[in-house]
Amino acid sequence: MSILEYNGSGVVAMCGKNCVAIASDMRYGVQQTTVATDMHKVYKMHDKVYIGMAGLATDMQTLVQRFRFRLKMYELREERKIKPNVFANLVSSMLYQKRFGPYFVEPVIAGLGDKNKPFICAMDLIGAPVYTDNFLVSGTSSEELYGVCEAMYRPNLEPDDLFETVSQCLQAAVDRDCLAGWGAEVYVICPDRVIHKTLKSRQD
Amino acid sequence: MSRRYDQSTTTFSPEGRLHQVEYAMEAINNAGTCVGIVDPNGNGIVLAAEKRVVSKLLAPSKISEKTYPIDDHICCLVAGFSSDAAILIQEARLGAQRYLYTYQEPVPVEQSVKSICNYKQSYTQFGGLRPFGVAFLFAGYDINNGFQLYQTDPSGNYSGWKATVIGQNNQAGKSILKTDYNETNLTPNNNNNENNNNNENPLTPSINLAIKILLKTMDSSTPDSSRFEITLLTKNKRDDNEVDVQYMKLNDKEIKYYLDGVVTEEEKKKKNEASTSSDI
């Protein structure tokens, strides 16, 4: 079994009208055993930048600590918060630095950039970024997520509609994946507030 | 006589002194005054400093001249060479983040101060490099030791204080602290301030004392609020029982408010003294 499928995960990010959503499942598994159902895979870097990571849990946790280190130094030096596209470049560099002994994570970054323009970006484990304006997926349930997002996504959704769409997409996709699921967490990032909800889902 | 032994950092004089280090400490005494006061009631720390270069032509930058945050819970005041300070502050910031990365806990204030002091000390013992011409006032909060204030000097020595002054005219400032720093004076309700209201910042008496000291140490008698830099370090208890340390730099309006308060108080006191002496 691939090392990227050791823990199991499903992460999705979508762009809406002046908002972005990022969501993940909450399963923490060791191959087929489910160890915990409260594992966060989406982390707040600051009010307008969130990163979700699919892949090996230990690498995800270490990377979050390393990002927080770099972000704190950035904020102390530049006296401002980092923009999501700049943060995406930082993530990409940090991953490529380990090109020949990589971190086994595939991150998805979501945030609001200049003038609160929605921004999403996903990367492979060595930092190759892809930028779109609709949706991006990652994790063991990525193939299911592609299918369901392609069918249900519409551009320029308002925050509440975006929340519904992301939640339905994530739930439908992870239900088909034995390694992901056991709860879900959704963040909708708007210019003035962040909607954070935990979803009740099939516990299997 | 000491000229023979003061050219190199790494040479002791016959009296057992390191002249280069002492000369570095002299450099601090010409720097803008810095005051640090720990509130005796545990409400926080007040850091106040006199800005040296105030010119209309200076571009207003977000970067302050004297006060710098090191991490969320530690900040410092600089007296001495700003360029030397910048190196040390960068070291302190990296050190704090490395500790946080390793232990997932904010670095205890004394550890941060100690590591900077060890760094400074190494420039007084080997390498043939000159010492850093900077003294810091480090202020911070940690969960085990509460609010702390530390003073460091170019020799790499540090000490913890309840309140202290460094920089120009620090002796005058310290003598005011000796008489005025006590719990009764610095508790808001005991203050004779007429503007006493229940929403008053509990650090107000400490802020007033800091301003009073700066007025004494400044070389101008008509102070402008743009020459002051005042920062407060306080803590809020969060809902989940965690402590949030807040680092708040006062803006121009707030400084003016406190400054006016202190200036009026001082004038009132002078008038009272003048009237009582004329009765005799």
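Residues numbered from 1 in each chain as written. Chains lettered and ligands numbered in written order. Predicted model: local features only at pLDDT ≥ 70, side-chain atom pairs only at ≥ 80, totals over all residues. Heavy atoms only, no water.

Colleague: Help me out: how do you make sense of a nonpolar patch on the surface in this one?
Modeller: All names here are of chain A. The grouping of Ile3, Tyr6, Val30 and Val35 at the surface amounts to a nonpolar patch, some 300 Å² of accessible area in total. With respect to the helices and strands, the residue Tyr6 is situated in the segment before β1 (10-15). Taking relative accessible area as the criterion, Tyr6 reaches 32% and is therefore assigned partly exposed. (Patch = residues over 30% accessible without salt bridge, like charges linked within 9 Å, V, L, I, M, F, W, Y side chains within 5 Å. Areas by Shrake-Rupley, 256 points an atom, 1.4 Å probe, with all protein chains shown as cover. Salt bridge = Lys/Arg side-chain N within 4 Å of Asp/Glu carboxyl O. Helix = DSSP H or I, 4+ residues; strand = E, 2+ residues; numbered from the N terminus. Buried < 20%, exposed > 50% of the residue type's maximum accessible area, 1.4 Å probe, protein only.)

Colleague: Got a minute to help me understand the environment of B:Gly42 in this structure?
Modeller: Residue and element names in this part refer to chain B. Among the structural elements, Gly42 can be located in the loop between β1 (34-38) and β2 (45-50). Using a relative accessible area of 32% as the deciding quantity, one classes Gly42 as partly exposed. Linking Gly42 and Lys235, residues 193 residues apart in sequence, is a C-alpha distance of 9.5 Å.

Colleague: I tried to follow the packing of aromatic side chains on my own but got confused; where do I start?
Modeller: Each aromatic ring pair is summarised here by two numbers: the centre-to-centre distance and the angle between the ring planes. The tally for this structure, following the rule as stated, stands at 13 aromatic pairs over all chains. Considering the side-chain rings of A:Phe67 and A:Phe87, the 5.5 Å spacing of their centres and the 80° angle between planes classify their relative orientation as edge-to-face. Pair noted here: A:Phe67 is in helix α1 (residues 57-78) and A:Phe87 is in helix α2 (residues 84-97), with a separation of 20 residues, a long-range link. Each ring, one from A:Phe69 and one from B:Tyr101, has its centre 6.4 Å from the other, and the planes form 80°; the classification is edge-to-face. Placement of A:Phe69 in helix α1 and of B:Tyr101 in helix α2 (residues 82-103) is noted, with the two residues assigned to different chains. Taken together, the aromatic side chains of B:Tyr119, B:Tyr123 and B:Phe132 make up a single cluster linked through ring pairs. When the ring centre of A:Phe163 is taken as reference, the NZ or CZ atom of A:Lys197 above it lies at 5.2 Å. (Phe/Tyr/Trp six-rings, centres within 6.5 Å; stacked < 30°, edge-to-face > 60°. Lys NZ or Arg CZ within 6 Å of the ring centre and 35° of its normal.)

Colleague: It is not clear to me how the interface of chain A and chain B should be interpreted in this structure. Could you clarify?
Modeller: By convention, interface size is frequently given as the accessible area that disappears when the constituent parts associate. The interface is formed by 10 residues belonging to chain A together with 13 residues belonging to chain B. The junction of chain A with chain B conceals about 1100 Å² of combined surface from both sides, 60% of it contributed by carbon and sulfur atoms. Counting the contacts that link chain A with chain B gives one salt bridge. Between A:Lys72 and B:Asp72 there is a salt bridge whose closest N-O contact spans 2.6 Å. In this assembly, chain A and chain B are joined by three residue pairs in polar contact (both at pLDDT 80 or more). Within the side of chain A that touches chain B, the residues separate by chemical class into three nonpolar, two polar and five charged. (Contact = heavy atoms within 4.5 Å. Buried area = accessible area lost by both parts, 1.4 Å probe. Polar contact = N/O pair within 3.5 Å; in protein donor to acceptor, adjacent residues only side chain to side chain. Nonpolar A, V, L, I, M, F, W, Y, C, P; charged D, E, K, R; others polar.)

Colleague: Looking at this structure, I do not really get helix α3 (residues 109-122) of chain B. What am I missing?
Modeller: All names here are of chain B. End to end, α3 covers 20 Å across 14 residues, agreeing with the expected 20 Å (1.5 Å per residue, within 8%). Looking only at α3, the buried set comprises Val109, Ser112, Val113, Ile116, Cys117, Lys120 and Ser122. In this structure, the buried residues of α3 make contact with β4 (74-80), α2, β5 (134-142), β6 (146-152) and β7 (158-161). (Expected span 1.5 Å × (residues − 1).)

Colleague: What is the right way to read the sheet that holds strand β10 (residues 135-139) of chain A from this model?
Modeller: Strand pairing in a sheet relies on backbone hydrogen bonds, with the paired strands running either antiparallel or parallel. Residue and element names in this part refer to chain A. Strand order in the open sheet formed by five strands is β10-β1-β2-β11-β12, with antiparallel pairing between adjacent strands. Looking at strand neighbours, the two that pair on one side only are β10 and β12 (194-199), the edges of this open sheet. Between one strand and the next, the sheet's axes are offset by a mean angle of 10°, whatever the strand orientation. The pairing of β1 with strand β2 (residues 20-25) spans five bridges and is classified as antiparallel. By the bridge assignment for β2, Val12 is matched with Ala23. In the packing of helix α3 (residues 142-152) onto the sheet, contacts are made with β1 and β10, and the angle to β10 comes to roughly 160°. (Pairing = 2+ DSSP bridges. Axes fitted to C-alpha atoms, helices over the stretch in contact; angles between N-to-C directions.)

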